[in-house]
Amino acid sequence: MSTHLARKVYADQVLLTGWGSHGDGVSHTVLAAWPKHHSLYTSHRGVYHPLLLAETIRQALTVLSHTVHGIPLDHRLGWETFDTSIVTAALSTRPDHGTVRLTITHTEVERRRRGSARLAAQIMITRDDEPLGIARVRYIAHPPAIYDRLRGVHADARAAVARSLPLGPALDPSVRGDQTPLEHAVLTPLGEPHRWQLRVDVTNRIFFDHDHDHVPGFVLLEAAAQAAHAESGALETLPTAFDARFLRYVELDSPCLIESVPVRRKELGIITTLVTGRQNGQEVFSIRVSATERT
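As a starting point, this report considers the structure included with it. Every chain begins its residue count from 1, and numbering advances along the sequence as written. Where totals are concerned, whole chains, interfaces and linings use all residues; where local detail is concerned, this predicted model gives features only for residues with pLDDT of at least 70, and gives and counts side-chain atom pairs only at 80 or more. Neither water nor hydrogens contribute to the side-chain values; these are computed over all heavy atoms in the structure.

### Quick word on the pattern of salt bridges
A side chain of one charge can pair with a side chain of the opposite charge if their charged atoms are brought near each other. Salt bridge, as applied in this entry: a Lys or Arg side-chain nitrogen positioned within 4 Å of an Asp or Glu carboxyl oxygen. Enumeration over the complete set of coordinates arrives at 16 salt bridges. Between Glu80 and Arg118 there is a salt bridge, with the nearest N and O atoms lying 2.5 Å from each other. Of this pair, Glu80 sits in strand 3 (residues 76-86) while Arg118 sits in strand 5 (residues 117-127), and the two are 38 residues apart along the sequence. Measuring nitrogen to oxygen at the nearest pair gives 2.6 Å for the salt bridge that ties Arg151 to Asp213. With Arg151 in helix 2 (residues 144-151) and Asp213 in the loop between strand 8 (195-198) and helix 4 (217-232), this pair connects stretches of sequence that are 62 residues apart. Accessibility assignment for this pair places Arg151 and Asp213 in one class, buried. Connected through shared salt-bridge partners, Arg76, Arg151, Asp213 and Glu251 make up one network. Strands here mean DSSP runs of E at least two residues long; helices mean DSSP runs of H or I at least four residues long; both are numbered from the N terminus. A 1.4 Å probe rolled over the protein chains alone gives each residue an accessible area, and that area as a share of the maximum for its type sets the label: buried under 20%, exposed over 50%, partly exposed in between.

What follows is the structure, given as C-alpha cells:
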C-alpha cells in the first residue's frame, strides 16, 4: 500500500496490504499485516495494544476515502467520533504476521457545498478469521480553502509544530503498564489527583509521522489510555473499548489539561474511566475508556 494513500511518510508505518470492493458500492474489505515487534504497539507479555487497531482503522478509512469516495489527497480529514470494542483474546502476538481483515460499510457519505464531506462507517474486524472487534467512526473532509479558513492562524502545520510547547516531565513509571518507553509518554504529572497536562512530542515519529497543525486524535486516545491506567493503580491495564468525541481541534501551542473520573469498577477487574481534555477554558475532547486490570 502506498504511503501517500495512507497519509504516511515512512513506509514502515504503513500497516495496510490491500483492499477490495464487495460490489455493492458501500462495503469494502481492507487487509493489514501487523508488525511482530513495535515500541508502542507490542508489550513484553506478547500482546498488541488496542491502539494498533485504532491506527489500522484510521489508515483504512483514509485509503477508502481517496480511492472509493473520491476525496482528493489535499483534503484534510478529521475524526468527529470514534467508538470501538475489542476482543482482547485476539491481540496476542504470533510467529507470523497473520491477516487483519476490516469489513467497512460506509453508512453515510454526505457531500457539501464547496467540497467538504461528512462520512460515517461501521467496521467489523477479524484476525486470522477470529473476531477482533467492531468500530463506528464519523469523520469529515475539508478542501484546503475551507480548512485554512476554519483553522485561521493555526492552519500552517510547519509553523504550528515550531510553536509547540516545550516538553514537560513524563508520566512515570510504566506509562500504561506494559513497559512502554517513556519517549511515548503523553501525560505530564501536575501533582494533583486525576489531573495531568497533555505532553506532545512533535519529534516522535509514531505520533508525528509528518507535521500536523494540531494534536492528532490518535495522541488523544493514547492520553486517555495512559490516564485510565494511572487512575486504575493496577500493575497492567489493557483497554477493551473506547468511546471518543472530538469536539475541537487541540492546539500545539497552548496547555491542554487532562482530567479523569472513574465511572465504574467491576468485580472481574474491568474499570471504566471518563477522560476529558480542556484547553483555553473549553472542553476539546471526551473519551470513555474501559480496560481490563491485572494486579
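### A few points about the nonpolar core
In these notes, a set of buried Ala, Val, Leu, Ile, Met, Phe, Trp, Tyr and Cys residues joined through side-chain atoms within 4.5 Å is what counts as a nonpolar core. Core analysis: the largest hydrophobic core is formed by 75 residues, its most contacted members being Ile57, Phe82, Leu221, Phe285 and Ile287. When checking whether two residues touch, look at their non-hydrogen atoms; a contact exists if any pair is within 4.5 Å. Excluding residues within four positions of it along the chain, Ile287 makes contact with Leu220, Leu221, Ala224, Phe242, Asp243, Ala244, Phe246, Thr273, Leu274 and Val275.

### Brief notes about the side chain of Arg118
The exposure class assigned to Arg118 is buried, which follows from its relative accessible area of 15%. The term polar contact refers here to a pair of N or O atoms within 3.5 Å; inside protein, the definition further demands a hydrogen-donor-capable atom paired with an acceptor-capable atom, and it admits residues adjacent in sequence only when both atoms are side-chain atoms. Within polar-contact distance, the side chain of Arg118 engages the side chain of Glu80 at 2.5 Å. What Arg118 contacts, discounting residues up to four positions off in sequence, is Glu80, Glu108, Val109, Glu110, Arg112, Arg138, Tyr139 and Ile140.

### Quick word on the packing of aromatic side chains
Note on aromatic pairs: the rings of Phe, Tyr and Trp (six-membered ring only in Trp) are paired at centre separations within 6.5 Å, and the planes decide the class, stacked below 30 degrees, edge-to-face beyond 60, tilted for the rest. The full count for this structure, using the stated rule, is 6 aromatic pairs. Considering the side-chain rings of Phe207 and Phe218, the 6.2 Å spacing of their centres and the 50° angle between planes classify their relative orientation as tilted. You can see Phe207 sitting in the loop between strand 8 and helix 4 and its partner Phe218 sitting in helix 4, a full 11 residues away along the chain. Neither Phe207 nor Phe218 differs from the other in exposure class; each is buried. Within the aromatic cluster, the residues linked to one another by ring pairs are Tyr41, Phe207 and Phe218. Here, a charge over a ring means that NZ of Lys or CZ of Arg falls within 6 Å of the ring centre while also lying within 35 degrees of the ring normal. Seen from the ring of Tyr249, Arg151 lies directly overhead, with NZ or CZ sitting 4.4 Å from the centre.

### A few points about unusual backbone geometry
Not every positive phi belongs to a glycine, and Arg114 is a case in point at roughly 70°. Of note in the backbone geometry, Asp129 takes a positive phi value of approximately 70° without being a glycine. You can see Asp129 is positioned in the loop between strand 5 and strand 6 (130-142). For Asp129, a relative accessible area of 69% gives the class exposed.

### Examining the pairing of strand 8
Side-chain positions along a regular strand alternate between the two faces of the sheet. Pairing of strand 7 (residues 187-189) with strand 8, which is carried by 3 bridges, proceeds in the antiparallel orientation. Bridge pairing links Pro189 to Trp196 in strand 8. Two strands are said to pair when DSSP picks up at least two bridges between them. Taking the residues that link successive antiparallel strands as the turn, the strand 7-strand 8 hairpin has 5 residues, and the phi of Gly191 there is positive, at about 75°.

Everything listed here is a matter of geometry and, on its own, says nothing about what the molecule does.
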